[in-house]
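# Overview (structure and organization)
Now for the letters of each chain:
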Amino acid sequence: MEDAKIVDLYLRRDETAIACTGEKFGRRLRSLAYGIVQDRQTAEECENDTYLKAWNSIPPHEPRTYLYAFLARITRHISLNRCREQNRLKRRAYLCELTAEMEECIPAPDDVACRADDRALGEAINGFLGTLSEEKRNMFLRRYWYLDPVAEIAGRFGASESKVKTTLYRCRAQLRKYLEKGGYVL
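The structure reproduced in this document is the subject of the present report. (Residues numbered from 1 in each chain as written. Predicted model: local features only at pLDDT ≥ 70, side-chain atom pairs only at ≥ 80, totals over all residues. Heavy atoms only, no water.)

### A closer look at the environment of V37
Secondary-structure assignment places V37 in helix 2 (residues 16-37). Judged by its relative accessible area of 1%, V37 falls in the buried class. Linking V37 and S79, residues 42 residues apart in sequence, is a C-alpha distance of 6.3 Å. (Helix = DSSP H or I, 4+ residues; strand = E, 2+ residues; numbered from the N terminus. Buried < 20%, exposed > 50% of the residue type's maximum accessible area, 1.4 Å probe, protein only.)

### Some thoughts on the side chain of R142
Turning to its location among the elements, R142 is positioned in helix 8 (residues 134-144). On the basis of relative accessible area, R142 is assigned to the buried category, the value being 17%. In contact with R142, other than residues within four places in its own chain, are L147, D148, I153, R156 and F157. (Contact = heavy atoms within 4.5 Å.)

### A look at the environment of N138
Relative to the helices and strands, N138 is located in helix 8. Judged by relative accessible area, which is 28%, N138 ranks as partly exposed. Residues N138 and I153, 15 residues apart in the sequence, show an inter-C-alpha distance of 9.3 Å.

### Here's the deal with the nonpolar core
Residues Y10, A54, I58, L67 and L71 are the most contacted members of the largest nonpolar core, which totals 29 residues. Of all the elements in the fold, those that place two or more residues in this core are helix 1 (3-11), helix 2, helix 3 (40-57) and helix 4 (67-86). Among the elements that take part in this core, helix 4 stands out by supplying nine residues, more than any other. Residues in contact with A54, not counting those within four places in the same chain, are Y10, F70, L71 and I74. Counting residues in hydrophobic clusters, the runner-up holds 19 residues, among them L132, M139, V150 and V164. (Core = buried A, V, L, I, M, F, W, Y, C linked by side-chain atoms within 4.5 Å.)

Structure (structure tokens):
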């Protein structure tokens, strides 16, 4: 079923929307959640929570052309929150490692005034991702959106771990320069 038709079902408050969403995107959403929480049962709970959140969020939003991205964002936030709630020390260390990598190139001030331009920063990062080759962009997203380990990314792209680490390092450096050129103070 097409995404727009699924969104129409949500807008009509037809419960088959959830079944259609699960059929079309369930495996991918579960995989995304599992990559973060590292527990199958918790990943399934995150997937189900995503459907509830989508049910409650779609009437003001109408993600007809970006339904998977809309759902993936919800799943990612739910999974990260679940991780924080459960205080998974091993997993938290991994998330801290990724956060430290990205802090090198993304400004993260704590005041509310600076947080107001998060949307502009998101657009700038999307613009940067558009400048990368498909392979580099996918490696970057697998690491920093899907939180895949370097070894898994290397296996997926048929590259050495060293190449993946180097590519990610260079992408972060390029992102830093791109943002500085765009007026962001790092």
